[in-house]
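Coordinate analysis (summary)
The lines below spell out each chain.
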Amino acid sequence: MGTPPLSPWALLVPTLVLMGLWAPCVVSRQPNFIVILADDVGWGDLGANWAETKETPHLDQLAAEGTRFVDFHSAASTCSPSRASLLTGRLGLRNGVTHNFAVSSLGGLPRNETTLAEVLREAGYSTGAIGKWHLGHHGHHHPNSRGFDYYFGIPYSHDMGCTDTPGYNLPPCPPCPQHSASARVMRKDCYTEVALPLLENVTIVQQPVELGSLARRYAEEAERFIQRASDKGQPFFLYLALAHMHVPLVPPLPPAPGRAVYGASLGEMDALVGRVKEVADSLGRGSTLLWFTGDNGPWAQKCELAGRLGPFVGAWQRQRGGSSAKQTTWEGGHRVPALVYWPGHVPARRTSQALLSILDIFPTLVALAGAALPPNRRFDGLDVSPVLFGWSDVGHKVLLHPNSGAAGKVGEIEALRLAQYKAFYTTGGAMACDGSTGPAQQHHPPLIFNLDRDIQEQEPLDVASREYQAVLPAISRAYAQALQDIAADNVSVADYSQDPAAIPCCNMQHVGCRCHGAHGATRDPHVESRTPWLCL
């Protein structure tokens, strides 16, 4: 493998130094990358963002030692599409992933899409994925076939399979049946037939997973992966996709009733992030870029088990019923916390107002690694390294927000951000805590909010107002141009077909696919007996 080309920022540094604009630390090697993705985390779930939150001292310290991005957005408002966009830099209408994959899905992220892990591995990186995958687990859609040298985690959300000690949920879900003669407890929205598996590479090491030890095991595996790469003198890319905060796992200690359940789980996630940061710092401060963010906003229908929106309450929708969080294109659905920590490179104690997206992680890390973007496709993400370094606070001019399971067709662009203005073409259709979904409404002309004045999205501009008439043509042009650009691109189509044979199962002869001896197992996966993953 030849010497990788210099990234654009590396070429720019000497010029900036001569101009007296920046005095960098010399980077003599490719940086390590850690991307930590929380699940269904609210913008207000960080104390650094929202003073009411007290459970995140490690994340707040990360914000103090790095840069906090307060106008940062997921590329979709549900799991699979958001994760596909992070790993490809492309919206679901381009990469083909427009809604979630199921436990019995045959397909996944289309094979002709190139992942961030594949690009970085080609550039000499050791690549690891730990945690929730949810981009297809059958056959060649597994992480080991998508550029990751190492994988340890669960193939989808932790409530998509039964466990012996179920985490918190609303409504509560029953534990896995122990015997074929056991009385089956069937509940709506609960997976009761197949146990949740824990995988190391393509091997099921525990089924059902013990949720209470999952955070510890993730931290241990992250540390092992980092140490292995360090011992080899190889730069690494670690994608750590947490089970937190989808619905709370079993916290280490029994919490008090009510909101404390969510807070205990939030504190467990915070401690996990703090441990990973400590391991990264042990390699030498400044050698590793750590990027923390979320896949989408809180799952509002889970009531007190859902995260905090902060000020992004989507008041217009709430007044009409339904959720303004996960699955929706309201700010609460896609505006997520984001922190970047890289001592000596990313300024400390800085807050950026730049309009950024999870889509930007792909092109930014590729540039910092000195690698090249895959050819013959267009990207929705930007290389925002100048924003990370504090040279600029300019991000996207236009940001597109697809439907992620609310009213309308999944994947379709149903909201658009242009500077401080946000236009909605479809609203409603997502369930709130009270069970309401709100009417599905098409808006032609669109609803337009000025977020500088109305961050709660409460009062759209009057269609007859001078401000509305002035901004509507620019929004309409941006919307049309975006759709034309996607139509002219090399787009992919995901396979969403299902077959029970695709369900991960370590023992098809046992009820729930339970592995013998896995009941209540807390043993280290490295000393457990290995069971072939039958669906492979």
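This section reports on the structure supplied with the text. In this text, all values refer to a predicted model and were calculated from it rather than measured experimentally.

What to know about the overall build of the protein chain
Along the protein chain, the regular secondary structure elements total 12 helices and 17 strands. The buried share among the 536 residues of the protein chain stands at 61%. Sequence separation of 24 or more characterises 73% of the internal contacts of the protein chain that already satisfy a separation of 6 or more. In the structure as shown, the protein chain presents an accessible area of about 19900 Å², 55% of it carried by carbon and sulfur atoms.

Regarding the packing of aromatic side chains
In this structure the tally under the stated criterion is 17 aromatic pairs. Taken together, the ring pairs in this structure connect W133, F148, F237 and Y239 into an aromatic cluster. For the cation-ring pair, R228 lies above Y150, with the distance from its terminal atom to the ring centre recorded as 4.7 Å. In this structure, R320 packs its charged tip against the face of W316, placed 3.9 Å from the ring centre.

Some words on the pattern of salt bridges
For the structure on display, the rule yields 29 salt bridges. A salt bridge links E55 to R308; the shortest N-O distance between them is 3.5 Å. Residue E55 is found in the loop between β1 (32–38) and α2 (57–65), and its partner R308 is found in the loop between β9 (288–294) and α8 (315–318); the two are separated by 253 residues along the sequence. With a relative accessible area of 23%, E55 lands in the partly exposed category. With a relative accessible area of 15%, R308 lands in the buried category. R453 is the salt-bridge partner of E467, the closest N and O atoms lying 2.7 Å from each other. Here the residue E467 occupies a position in helix α12 (residues 466–487), and R453 occupies one in the loop between β16 (441–450) and α12, the gap between them amounting to 14 residues. Residue E467 is classed as partly exposed on the basis of its relative accessible area of 23%.

What about the state of the cysteines?
For the structure on display, the rule yields 5 disulfides. For C162, the disulfide goes to C176, at an S-S distance of 2.1 Å. Because the torsion about its S-S bond is 105 degrees, the bridge between C162 and C176 counts as right-handed. With C162 in the loop between β5 (150–153) and β6 (198–200) and C176 in the loop between β5 and β6, the pair connects residues that are 14 residues apart, well separated along the chain. Residue classification places C162 among the buried positions, given a relative accessible area of 2%.

Section: the sheet that holds strand β13 (residues 398–402)
Pairing within the open sheet is antiparallel, and its 4 strands lie in the order β13-β14-β15-β16. Both edges of this open sheet fall to β13 and β16, since each of them pairs with a single strand only. With direction set aside, neighbouring strand axes in the sheet form an average angle of 15 degrees. Pairing of strand β14 (residues 413–418) with strand β15 (residues 421–427) involves 4 bridges; the strand directions are antiparallel. What sits directly across from L418, in β15, is Y421. Here α12 sits on the sheet in contact with β13, β14, β15 and β16, set at roughly 120 degrees to β16.

Some thoughts on the nonpolar core
Within the largest apolar cluster, 69 residues are counted, with the highest numbers of intra-cluster contacts made by F237, Y239, W291 and L365. If you tally residues by element for this core, the top one is α12, at 6 residues. Residues contacting W291, with those up to four places away along its chain left out, are I34, V35, I36, F72, L339, V340, I361, T364, L365, V384 and L388. Among the nonpolar cores identified, the runner-up in size contains 51 residues, and F152, V205, V279 and Y341 belong to it.

Remarks on the pairing of β5
The side-chain alternation of β5 yields two buried faces, one formed by Y150 and F152 and the other by Y151 and G153. Here 3 bridges tie strand β4 (residues 126–131) to β5, and the two strands are oriented parallel to one another. Paired with A129 across the two strands is Y151, which belongs to β5. Across 2 bridges, the pairing between β5 and β6 is antiparallel. Residue pairing across strands places F152 opposite E200, the latter belonging to β6.

A word on α2
All of the buried residues along α2 are L59, L62, A63 and A64. On the buried face of α2, the contacting elements are β2 (67–69), α7 (260–282), β9 and β10 (338–341).

Conventions adopted
Residues numbered from 1 in each chain as written. Predicted model: local features only at pLDDT ≥ 70, side-chain atom pairs only at ≥ 80, totals over all residues. Heavy atoms only, no water. Helix = DSSP H or I, 4+ residues; strand = E, 2+ residues; numbered from the N terminus. Buried < 20%, exposed > 50% of the residue type's maximum accessible area, 1.4 Å probe, protein only. Contact = heavy atoms within 4.5 Å. Areas by Shrake-Rupley, 256 points an atom, 1.4 Å probe, with all protein chains shown as cover. Phe/Tyr/Trp six-rings, centres within 6.5 Å; stacked < 30°, edge-to-face > 60°. Lys NZ or Arg CZ within 6 Å of the ring centre and 35° of its normal. Salt bridge = Lys/Arg side-chain N within 4 Å of Asp/Glu carboxyl O. Disulfide = S-S within 2.5 Å. Pairing = 2+ DSSP bridges. Axes fitted to C-alpha atoms, helices over the stretch in contact; angles between N-to-C directions. Core = buried A, V, L, I, M, F, W, Y, C linked by side-chain atoms within 4.5 Å.

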